[in-house]
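Given next are the chains, with one letter for each unit.
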Amino acid sequence: MREVAIVAFAQSDHLRTTDELSEVDMVMPVLHQVLAQTGLKTSDIGFTCSGSSDYLAGRAFSFTMTLDGVGAWPPISESHVEMDGAWAMYEAWVKLLTGEVDTALVYSYGKSSPGSVRDVLTRQLDPYYVAPLWPDSVALAALQAQALIDAGETDEPALAGIAARSRESASANSHAQVKGSVPQGDYEVQPLRKGDCPPVGDGAVAVILAAGDKARELCERPAWIRGMDHRIEAHSLGVRDLTDSPSTRLAAERAGAFERPVDTAELHAPFTSQEVVLRKALQLADDVTVNPSGGALAANPIMAAGLLRIGEAAARIHRGESDRALAHATSGPCLQQNLVAVLEGDAR
Amino acid sequence: MPEVLKAPLVVEFPFTRSLGPVQSAFLTGLRERTVLGVKTTDGLVMVPPVEYDPVTADELRDLVEVEPTGTVTTWAWNPEPRRGQPLDTPFAWVLVKLDGADTGLLHALDAAGPDAVTTGMRVRVRWAAERTGAITDIACFEPYEGAAAHTEPTAHDGQFDDAVSGIVAAARLDYVYSPGRAQTAYINALADRRTVGERCPSCRKVYVPPRGACPTCGVATTDRVEVGPAGTVTTFCIVNVKAKNLDIELPYVYAHIALDGADLALHGRIAGIPYDQVRMGLRVEPVWTEGGRYPDHYRPTGEPDADYDTYKELV
């Protein structure tokens, strides 16, 4: 199989509001940074793929606006997923594996500040039986958290510990929205407190993928994608065992995650309780460094937070801080859909 | 930086959804205070029922009736109900395994407080006073003292008089929309009866209306340029369909107009000339109505038509 690597990664500062910026204003600096890292121009890129959601923008075909930021004229080879950018990266990876192109630019962004993200996310639920009840994203995560507590897999102090560790790690991340010591606060939806929930914010992320020698040419230590897979759970929440994530486990297995231990895991767990589920599904050992970036509890731009995890994992390989990293992205309520990528640096 | 414009934006739509045979039976059943499930290939009873087995993808049609009583499998206390949720007083979200069912139904539980809710507690359906064939026909669940009924679910033919075949799922999302820096400047200038675009620092093209980026070069356009007021019709169409609430006589002409100094044509209505005399190259100018924040339409200036070569790049 053709070797494909992440050769560059850039992200915006993640902020509660960015009123003065349109989506393209927010995305463009990130695109320029990631291109500058490789010396590529947009016209050098073989394939461009983006992820975003019209429901955040409140406007149809909103992604076409940010396409201006990559110089879409003259015509470029381009695609878009109405999902987190991690899935856009999956599409780009497949495109590179076909041999059709040697480089790809993948970006995604979310501007949650214009709307109420808890309400917006209800619109992705089953429209017949669930969406008419408007259960918001925090409520559904809280049902999962209670199931974990009942099963004896965690408790509120343990969840608070995950929150504290994540925000402490984020202190070293200049882009993070919430960092340092943050009080757990009151219950949002019991058993989840404010500190167990991700911040609502705006942000953007971009990565560049390249194949084989092109990757070596563009990056001193490419983050090779050894495997990537994504899977989904049954649609109805009441059918699932909310304390487990078989789709994550299967995706990880297909991505080769269990072949050798990883040293780093960037997990897309917007809620503290979801880290408990993911650690179990991914069989992570205690010595694995989990979410050194702070994870989604420190910055959770919807549609970008998953690709951010992959980018953060790749950046640690670029910097020589990791040799084999796992990156995970999720979408939908209670870890409905899960993507796992395994990244490696060349032996040193 | 001048203040960026902001305005409330409400996106609202009554989605009309048709139901398949299983969903129709389930929702009609709720209207009749009857809870139906469906048997999967493995013999499990799914409530709410689906049309295809989540494991095998087999088509499921084997309906059964289950009890309106059940057991909470997990819960979450919601101290501040949000718009559209089943109760407007604090309540618990619950997954309930109804007696006879093997899967959980998501709904609300009306309880005194979080201390009154536990996993494993017994609950029963509280029916809505007015039922239409929708999940909201279950108003909520309420605590119930009775023990679990261990009766086997009974087969049900799913037939009801006057079965519902669809639902209307009203969706409403509230936003505060901001058009960003570039379009704010454009809209503010329009209110002063001026049209401003932005020039790309790389290719020098002037975009109107500006979106803040050059789609050719992928860089920010920050150099503001006043264009117009007159322009040239680059192409047009004759509209014969009346849009709802539109107070314009048919037929009318809608055109692409390249304002003088702009490198992108914008849209506008052409009036002040019979519709069948509008042509490519026609020179036009904006007409503002009293208090209008944008041109109502464009009318001929009376100048000779523009030469095709002057606007062919913009067609």
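Here, every reference points to the structure presented above.
Visitor: Account for the pattern of salt bridges, naming residues and giving values.
Guide: All names here are of chain A. Evaluation of the coordinates by the stated rule reveals 46 salt bridges over all chains. With a closest N to O distance of 2.8 Å, Glu275 and Arg165 form a salt bridge. Residue Glu275 is found in helix α10 (residues 272–281), and its partner Arg165 is found in helix α7 (residues 156–169); the two are separated by 110 residues along the sequence. As a salt-bridge pair, Glu344 and Arg226 come within 2.8 Å of each other at their nearest N and O atoms.

Visitor: Which residues make up unusual backbone geometry, and what values do they have?
Guide: Here Gln190 of chain A and Pro191 of chain A are connected by a cis peptide whose omega angle stands at 15 degrees. Within the secondary structure, Pro191 of chain A is located in the loop between β5 (187–189) and β6 (192–193). Cis rather than trans, the peptide bond between Leu250 of chain B and Pro251 of chain B has omega equal to -15 degrees. Here Pro251 of chain B lies in the loop between β15 (231–239) and β16 (252–259). The backbone of Phe61 of chain A shows a phi angle near 50 degrees, a positive value even though the residue is not glycine. What makes Phe61 of chain A exposed here is its relative accessible area of 59%. For Cys334 of chain A, which is not glycine, the phi torsion reads 50 degrees and is therefore positive. Looking at the secondary structure, you find Cys334 of chain A in the loop between β11 (324–331) and β12 (337–344). By relative accessible area, which is 3% here, Cys334 of chain A ends up buried.

Visitor: Lay out empty space enclosed by the protein in plain terms, naming residues and giving numbers.
Guide: For the structure on display, the rule yields 4 cavities of 30 Å³ or more. Here the largest cavity defines a volume of roughly 160 Å³. Ser22, Glu23 and Arg59 of chain A together with Tyr177 and Ser178 of chain B are the residues nearest the centre of the largest cavity, which is lined by 14 residues in total. Per-class residue counts for the lining of the largest cavity are 6 nonpolar, 3 polar and 5 charged. Here the second largest cavity defines a volume of roughly 50 Å³. Surrounding the second largest cavity, Glu23, Ser52, Ser53, Leu56, Ala57, Ser62, Tyr109, Gly110 and Lys111 of chain A form its lining. Contributions of two or more residues to the lining of the second largest cavity are made by α2 (54–57) and β4 (103–111) of chain A. For the lining of the second largest cavity, the leading source of residues is β4 of chain A, giving 3 residues. Residues belonging to the lining of the second largest cavity are distributed by class as follows: 3 nonpolar, 4 polar and 2 charged.

Visitor: Account for the pairing of strand β6 (residues 91–98) of chain B, with residues named and values stated.
Guide: Residue and element names in this part refer to chain B. Among the 8 residues in β6, 7 count as buried, and that is most of the element. As defined by bridge partners, strand β5 (residues 69–78) adjoins β6 across 8 bridges and the pair is classed as antiparallel. Note that in β6 the partner of Trp75 across the bridge is Val94. Here β6 pairs with strand β7 (residues 105–109) via 5 bridges, running antiparallel. Bridge assignment links Ala92 to a residue of β7, and that residue is Leu109. Taking the residues that link successive antiparallel strands as the turn, the β6-β7 hairpin has 6 residues, and the phi of Gly100 there is positive, at about 105 degrees.

Visitor: Describe in detail the side chain of Gln23 of chain B, supporting the description with residues and values.
Guide: With respect to the helices and strands, Gln23 of chain B occurs in helix α1 (residues 21–31). When neighbours within four sequence positions are excluded, Gln23 of chain B is seen to be in contact with Tyr128 and Tyr129 of chain A together with Glu51 of chain B.

Visitor: Go over the environment of Ala285 of chain A, please, and point to the residues and values.
Guide: Residue and element names in this part refer to chain A. Checked against the element boundaries, Ala285 lands in the loop between α10 and β10 (289–290). Among the residues examined, Ala285 registers a relative accessible area of 39% and is labelled partly exposed. Considering only alpha carbons, one finds Ala285 and Ala211, 74 residues apart in sequence, at a separation of 31 Å.

Visitor: How would you summarise the interface of chain B and chain A if you had to cite specific residues and measurements?
Guide: Chain B puts 63 residues into the contact, and the matching count from chain A is 53 residues. When chain B packs against chain A, the two sides together hide about 4600 Å² of surface, and 60% of this comes from carbon and sulfur. Contact with chain A buries area across many residues of chain B, yet Arg82, Tyr175 and Arg211 of chain B alone supply 13% of it, more than any other trio. The tally of links from chain B across to chain A stands at 3 salt bridges. Among the ionic pairs, Asp68 of chain A bridges to Arg211 of chain B, the shortest N-O distance being 2.7 Å. Between chain B and chain A we count 20 residue pairs in polar contact (both at pLDDT 80 or more) in total. Put simply, the parts of the chain that give the side of chain B that touches chain A at least two residues each are β1 (7–18), α1, β5, β6, β7, β11 (166–177) and α2 (180–191) of chain B. Looking at the side of chain B that touches chain A, its residues break down into 38 nonpolar, 17 polar and 8 charged.

Visitor: Kindly report on the sheet that holds strand β4 (residues 63–66) of chain B, identifying the contributing residues and their values.
Guide: Residue and element names in this part refer to chain B. Read across the open sheet, the 4 strands follow the order β3-β2-β4-β10; overall the sheet is antiparallel. Since the sheet does not close on itself, it has two edges, and those belong to β3 (45–46) and β10 (154–155), each with one partner. In the sheet, β4 pairs with β10 via 2 bridges, with the strands oriented antiparallel. Its bridge partner lying in β10, Glu65 is registered against Thr154. Relative to the sheet, α1 contacts β2 (35–39) and β4, its axis offset from that of β2 by approximately 155 degrees.

Criteria and cut-off values
- Residues numbered from 1 in each chain as written.
- Chains lettered and ligands numbered in written order.
- Predicted model: local features only at pLDDT ≥ 70, side-chain atom pairs only at ≥ 80, totals over all residues.
- Heavy atoms only, no water.
- Salt bridge = Lys/Arg side-chain N within 4 Å of Asp/Glu carboxyl O.
- Helix = DSSP H or I, 4+ residues; strand = E, 2+ residues; numbered from the N terminus.
- Buried < 20%, exposed > 50% of the residue type's maximum accessible area, 1.4 Å probe, protein only.
- 1 Å grid on protein atoms, 1.4 Å probe; cavity = no way out; pocket = protein on both sides within 12 Å on 5 of 7 lines; lining within 4 Å.
- Points joined across faces, edges and corners; volume = space filled by probe spheres on them.
- Nonpolar A, V, L, I, M, F, W, Y, C, P; charged D, E, K, R; others polar.
- Pairing = 2+ DSSP bridges.
- Contact = heavy atoms within 4.5 Å.
- Buried area = accessible area lost by both parts, 1.4 Å probe.
- Polar contact = N/O pair within 3.5 Å; in protein donor to acceptor, adjacent residues only side chain to side chain.
- Axes fitted to C-alpha atoms, helices over the stretch in contact; angles between N-to-C directions.

The quantities given are spatial measurements derived from coordinates; they are silent on function.
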